[in-house]
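# Residue-level structural notes
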Amino acid sequence: MGQIVEEYERGPRLDGALNLKTPDFKFDKKDIFLRETKQFPCLRQIPELCKLAEAVVASWYLEPTLTSSRAWHRISFERPIGLAFVDEKTKQLESELQTVEGRNLSIEGISFAHSEPIYSREVAIVLDLEKPTLEFLITRLAWSRFSEAQLFQSGGKFIRQIEVDKSHFEL
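Residue positions are given per chain, counted from 1 along the sequence in the order it is written. Where local features are concerned, this predicted model is filtered to residues with pLDDT of at least 70; where side-chain atom pairs are given and counted, the filter is 80 or more; whole-chain, interface and lining totals use all residues. Note that water and hydrogens are dropped before the side-chain values are worked out from all heavy atoms of the structure.

## Side note on the packing of aromatic side chains
A pair of Phe, Tyr and Trp rings is counted when the ring centres sit within 6.5 Å of each other, with Trp represented by its six-membered ring. The angle between the planes then sorts it: under 30 degrees is stacked, over 60 is edge-to-face, the rest tilted. Tallying each qualifying case throughout the model produces two aromatic pairs. Where Phe 146 meets Phe 152, the ring centres are 4.9 Å apart and the plane angle is 65°; that geometry is what we call edge-to-face. Burial classes: relative accessible area under 20% of the type maximum marks a residue as buried, over 50% as exposed, and values in between as partly exposed (1.4 Å probe, protein chains only). For Phe 146, a relative accessible area of 46% puts it in the partly exposed group. A relative accessible area of 19% places Phe 152 in the buried class.

Take a look at the structure:
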């Protein structure tokens, strides 16, 4: 993605013969998607994210001064997901798995709604609760707020992926 931005920032230029040359924006979005999800292969199994990688997507902002720090678009991801707490000292997952409601998902992070406050900075998110081996995305929470719907909403950035046998958890 950075390669595209660099080409854009250079913009049109003149070559030695005074011919106008414009940047070549040809790139394979699927290859970029696969490279960016190498650390989080479970994201490759999300159909909505795969469609995003195959589509042309654009964003417009209401305020011209507003800039986004996101490199990838978010998709709506309103479905139940699993959440386990990470012990701050041992970095091990606690054995209780609770269900929370997903909100948005991108290649870099997630937001979700939950009924109880979260007191830990790191949590483990599992997107597919039906598999015998759960693929957790360890997530560093960046924000949390209490919504008008009387639910907490939190979100953060993926750090790493781990796999844990489902029998380890109380469901």
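From this point, the narrative continues.
## Topic: the environment of Gln 98
Strands here are runs of E lasting at least two residues and helices are runs of H or I lasting at least four, both read from the DSSP assignment and numbered beginning at the N terminus. Here Gln 98 lies in strand β5 (residues 98-105). The exposure class assigned to Gln 98 is partly exposed, which follows from its relative accessible area of 26%. Spatially, the C-alpha atoms of Gln 98 and Pro 80 are 9.9 Å apart, while their sequence positions differ by 18 residues. Apart from residues no more than four positions distant in its own chain, Gln 98 is found in contact with Ile 81, Gly 82, Leu 83 and Phe 85. Contacts were defined at the residue level, with two residues in contact if any of their heavy atoms lie within 4.5 Å.

## Observations concerning the pairing of strand β6 (residues 109-114)
Burial analysis of β6 places six of its six residues in the buried class, the great majority of the element. Taking every second residue as pointing to the same face, both faces of β6 are buried, with Gly 109, Ser 111 and Ala 113 on one and Ile 110, Phe 112 and His 114 on the other. Paired strands, in this sense, are two strands between which DSSP finds at least two bridges. In this structure, β5 lies alongside β6, joined through four bridges in antiparallel fashion. Across the sheet, the residue bridging to Glu 101 is Ala 113, located in β6. Hairpin connection between β5 and β6: a loop of three residues separates the two successive antiparallel strands.

## Let's talk about the nonpolar core
If you look at soluble globular proteins, the nonpolar side chains tend to sit buried side by side. Take the buried residues of types Ala, Val, Leu, Ile, Met, Phe, Trp, Tyr and Cys, join any two whose side-chain atoms come within 4.5 Å, and each joined set is a nonpolar core. By size, the foremost hydrophobic cluster in this structure holds 25 residues, and its most contacted members are Leu 49, Leu 105, Phe 112 and Leu 127. Those elements that provide at least two residues to this core are α3 (47-54), β4 (80-85), β5, β6, β7 (122-126) and β8 (133-146). In terms of residue count, the dominant contributor to this core is α3 (four residues). Not counting chain neighbours up to four residues away, the residues in contact with Leu 49 comprise Phe 33, Leu 43, Ile 75, Leu 105, Ser 106 and Ile 107. Judged by nonpolar contacts, the second largest core, of eleven residues, contains Val 86, Phe 136, Ile 138 and Val 164.

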